[in-house]
Amino acid sequence: MMITDGECPLCQDQMLRLNALDLLECPRCHLQIAVADSMTATVMPKRGDGDFYDGSTRIAEVSGLMLAKSKNGTVIPDLEGILQTRQEIEEYIGE
């Protein structure tokens with residue numbers, strides 16, 4: 001099972017940042033993640049466009065969240081679609 005502690009699960013060396021849609025986004029590959037609850041993060045099916053808040057914007061700590069597919073394109077996680085590998089994530093977002 002794939003998890004995140006605030007880093008991009010694809011790039012692995014990039015910290016996720018808050019974008020203008022209030023989603024966490026990787027500044028390198030533009031993977032977007034919504035924090036749904038304290039256990040699950042939703043991987044959004046579309047990449048972001050790099051429109052970030054300035055660097056002083058604080059976000060809640062992200063620690064050990066499972067990654068799941070989006071339920072019908074929303075920020076709600078599909079708990080039947082827990083992502084297991086980086087390859088699954090890449091296929092899901094159309095890599």
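What you see is a predicted model; the values in this text were computed from it and never measured. (Residues numbered from 1 in each chain as written. Predicted model: local features only at pLDDT ≥ 70, side-chain atom pairs only at ≥ 80, totals over all residues. Heavy atoms only, no water.)

> Tell me about the pairing of strand 7 (residues 77–82), residues and numbers included.
Pairing analysis gives two bridges linking strand 6 (residues 65–70) to strand 7, with the strands arranged antiparallel. Bridge pairing links A68 to I82 in strand 7. The hairpin formed by strand 6 and strand 7 contains six residues between the paired strands, and N72 there has a positive phi angle of roughly 55°. (Pairing = 2+ DSSP bridges. Helix = DSSP H or I, 4+ residues; strand = E, 2+ residues; numbered from the N terminus.)

> Can you explain the pattern of salt bridges? Please cite residues and give values.
Counting across every chain of the model gives one salt bridge. R28 is paired through a salt bridge with D13; the nearest N and O atoms lie 2.8 Å apart. Of this pair, R28 sits in the loop between strand 3 (24–25) and strand 4 (32–35) while D13 is found in the loop between strand 1 (3–4) and strand 2 (17–18), placing the two residues 15 residues apart along the sequence. For R28, a relative accessible area of 46% corresponds to the partly exposed category. Take D13: its relative accessible area is 51%, and that puts it in the exposed class. (Salt bridge = Lys/Arg side-chain N within 4 Å of Asp/Glu carboxyl O. Buried < 20%, exposed > 50% of the residue type's maximum accessible area, 1.4 Å probe, protein only.)

> Give me unusual backbone geometry: which residues, what numbers.
Despite not being glycine, Q12 has its phi angle at roughly 65°, a positive value. Looking at the element boundaries, Q12 is found in the loop between strand 1 and strand 2. Owing to a relative accessible area of 51%, Q12 belongs among the exposed residues under this scheme. Even without being a glycine, N72 presents a positive backbone phi close to 55°. Position of N72 relative to the elements: it lies in the loop between strand 6 and strand 7.

> With reference to specific residues and values, describe the environment of G6.
Looking at where G6 falls in the secondary structure, it is placed in the loop between strand 1 and strand 2. Distance from G6 to L24, taken between C-alpha atoms, is 8.6 Å for residues 18 residues apart in sequence. With residues near it in sequence (within four places) discarded, G6 still touches Q14, M15, L16 and V62. (Contact = heavy atoms within 4.5 Å.)

> Give me the nonpolar core: which residues, what numbers.
Nonpolar side chains in soluble globular proteins tend to be buried together. By size, the foremost hydrophobic cluster in this structure holds 19 residues, and its most contacted members are C8, L31, I33, V43, L67 and I89. Among the secondary structure elements, those contributing two or more residues to this core are strand 5 (40–43) and strand 6. Look past the residues within four positions of C8 in its chain and what remains in contact with it is Q14, L16, C26, C29 and L31. (Core = buried A, V, L, I, M, F, W, Y, C linked by side-chain atoms within 4.5 Å.)

> Mind laying out the packing of aromatic side chains, listing which residues take part and the relevant values?
Think of a pair of aromatic rings as described by two things: how far the centres are apart, and how the planes are tilted against each other in angle. Tallied over the full model, the rule gives zero aromatic pairs. R17 extends its terminal NZ or CZ atom over the ring of F52, reaching a point 4.4 Å from the ring centre. (Phe/Tyr/Trp six-rings, centres within 6.5 Å; stacked < 30°, edge-to-face > 60°. Lys NZ or Arg CZ within 6 Å of the ring centre and 35° of its normal.)

> Residue-level account of the environment of V62, with values.
Of note, V62 is situated in the loop between strand 5 and strand 6. As for V62 and N72, which are separated by 10 residues in sequence, their C-alpha atoms are 24 Å apart. Aside from chain neighbours lying at most four places away, what touches V62 is T4, D5, G6, L24 and V35.

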